[in-house]
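The residues making up each chain are set out below.
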Amino acid sequence: AQTVTQSQPEMSVQEAETVTLSCTYDTSESDYYLFWYKQPPSRQMILVIRQEAYKQQNATENRFSVNFQKAAKSFSLKISDSQLGDAAMYFCALVGNQFYFGTGTSLTVIP
Amino acid sequence: GAVVSQHPSWVICKSGTSVKIECRSLDFQATTMFWYRQFPKQSLMLMATSNEGSKATYEQGVEKDKFLINHASLTLSTLTVTSAHPEDSSFYICSARDLDGGPAYGYTFGSGTRLTVV
């Protein structure tokens with residue numbers, strides 16, 4: 001069975017500060033991919049960052065970076081220089097033959 | 001980039017009627033599309049996997065006779081909620097993967113459909 005766990009239902013961060021969202025997963029597959037998606041109030045799912053499990057180097061996309069610890073099955077998202085537009089629901093996802101989503105973390109950015 | 005168009009964005013229907021939701025890949029071909037249901041402040045729940053030219057695969061607990069899925073072409077999948085009831089009110093989202101993209105490229109999501117059954 002494949003599971004994705006996000007243990008932080010809600011998080012908040014001051015504008016311009018850094019915040020880290022946690023995600024752990026479990027899978028029996030050796031080849032898989034991990035994603036972070038953002039869902040703003042419009043409810044459109046937006047891809048934030050992706051990580052191939054076979055790559056050791058952590059993925060980075062501008063202000064967004066991940067800390068991928070394969071042995072620990074951990075995949076956290078770091079948002080630097082937080083902006084008001086970062087406020088959204090963030091979902092961690094594992095992809096094998098289908099998507100497995102975590103329960104989400106609601107991020108509030110405080111001006 | 002890949003775009004998935006989902007229509008309508010919102011719909012209100014009377015109890016007992018049927019509603020069709022369309023999911024269309026605009027600039028790529030998708031042999032597989034996925035349909036999700038999302039309740040307020042909850043995660044996406046996979047309902048079914050739609051395969052072009054074959055029957056959809058439904059997740060456990062999802063009534064296939066109520067949620068009819070048709071994937072007649074490489075760019076279009078439809079979800080029909082038949083004999084809708086108020087408990088079917090929810091947010092429905094589709095997603096698709098570019099035929100040539102592979103899982104490393106992720107999946108593109110439609111903008112969702114808010115269904116309200118009155």
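Here, every reference points to the structure presented above.
Parameters at a glance
Residues numbered from 1 in each chain as written. Chains lettered and ligands numbered in written order. Predicted model: local features only at pLDDT ≥ 70, side-chain atom pairs only at ≥ 80, totals over all residues. Heavy atoms only, no water. Helix = DSSP H or I, 4+ residues; strand = E, 2+ residues; numbered from the N terminus. Rg over C-alpha atoms; globule rule 2.2 N^0.38 Å. Contact = heavy atoms within 4.5 Å. Salt bridge = Lys/Arg side-chain N within 4 Å of Asp/Glu carboxyl O. Polar contact = N/O pair within 3.5 Å; in protein donor to acceptor, adjacent residues only side chain to side chain. Nonpolar A, V, L, I, M, F, W, Y, C, P; charged D, E, K, R; others polar. Core = buried A, V, L, I, M, F, W, Y, C linked by side-chain atoms within 4.5 Å. Buried < 20%, exposed > 50% of the residue type's maximum accessible area, 1.4 Å probe, protein only. Disulfide = S-S within 2.5 Å. Phe/Tyr/Trp six-rings, centres within 6.5 Å; stacked < 30°, edge-to-face > 60°. Lys NZ or Arg CZ within 6 Å of the ring centre and 35° of its normal.

Asks: Looking at this structure, I do not really get the overall build of chain B. What am I missing?
Replies: For chain B, the helix and strand inventory stands at 0 helices and 11 strands. In sequence order, the secondary structure elements of chain B are arranged as β-β-β-β-β-β-β-β-β-β-β. Whereas a compact globule of 118 residues would reach a radius of gyration of roughly 13 Å, chain B reaches 14 Å, a difference of no more than 12%. A principal-axis box enclosing the C-alpha atoms of chain B has dimensions of 40 × 30 × 25 Å.

Asks: Can you help me understand the interface of chain A and chain B in this one?
Replies: At the junction of the two partners, chain A supplies 19 residues and chain B supplies 21 residues. At the boundary of chain A with chain B, the tally comes to 0 salt bridges. Our count for the contact surface shared by chain A and chain B stands at 6 residue pairs in polar contact (both at pLDDT 80 or more). Where the side of chain A that touches chain B is concerned, the elements lending two or more residues are strand S5 (33–39), strand S6 (46–52), strand S10 (88–95) and strand S11 (99–101) of chain A. Of all the elements, S5(A) adds the most residues to the side of chain A that touches chain B, at 4 residues. Within the side of chain A that touches chain B, the residues separate by chemical class into 10 nonpolar, 6 polar and 3 charged.

Asks: Even after reading the chapter, I still don't get the side chain of A:Gln39, so can you show me in this structure?
Replies: Within the element layout of this structure, A:Gln39 appears in strand S5. There is a polar contact of 3.0 Å between the side chain of A:Gln39 and the backbone oxygen of A:Arg43. Setting aside its immediate chain neighbours within four residues, A:Gln39 contacts A:Gln44, A:Met45, A:Ala88, A:Met89, A:Phe91, B:Gln38, B:Phe91 and B:Ile93.

Asks: Before we go on, may I ask you to explain the nonpolar core in this structure?
Replies: Buried together is how nonpolar side chains tend to be arranged in soluble globular proteins. Residue and element names in this part refer to chain A. With 25 residues, the main nonpolar core has Tyr25, Trp36, Phe75, Leu77 and Tyr90 as its most contacted residues. For this core, the secondary structure elements donating two or more residues are strand S3 (19–21), S5, S6, strand S8 (64–69), strand S9 (74–79), S10 and strand S12 (105–110). At 4 residues, the largest contribution of residues to this core is made by S10. Ignoring sequence-local partners within four residues, the contact set of Leu77 consists of Val19, Thr20, Leu21, Trp36, Val48, Ile49, Phe64, Ser65, Val66 and Tyr90.

Asks: How should the state of the cysteines be read in this particular structure?
Replies: Two cysteines form a disulfide when their sulfur atoms are joined by a covalent bond. Residue and element names in this part refer to chain A. For the structure on display, the rule yields 2 disulfides over all chains. Paired by a disulfide, Cys23 and Cys92 hold their sulfur atoms 2.0 Å apart. Because the torsion about its S-S bond is -70 degrees, the bridge between Cys23 and Cys92 counts as left-handed. Taken together, the positions of Cys23 in the loop between S3 and strand S4 (24–26) and Cys92 in strand S10 put the pair 69 residues apart, joining distant regions of the chain. Judged on exposure class, the residue Cys23 and its partner Cys92 are both buried.

Asks: What exactly am I supposed to notice about the packing of aromatic side chains here?
Replies: The geometry of two aromatic rings is summed up by the distance between their centres and the angle between their planes. In this structure the tally under the stated criterion is 17 aromatic pairs over all chains. Ring geometry for A:Phe99 and A:Phe101: centres 5.0 Å apart, planes at 10 degrees, overall stacked. Each member of the pair A:Phe99 and A:Phe101 is classed as buried. Three or more aromatic residues link up through ring pairs in this structure, and these residues are A:Phe35, A:Tyr37, A:Phe91, A:Phe99, A:Phe101, B:Phe34, B:Tyr36, B:Tyr107 and B:Phe109. Positioned above the aromatic ring of B:Phe91, the side-chain terminus of A:Arg43 is 4.0 Å from the ring centre.

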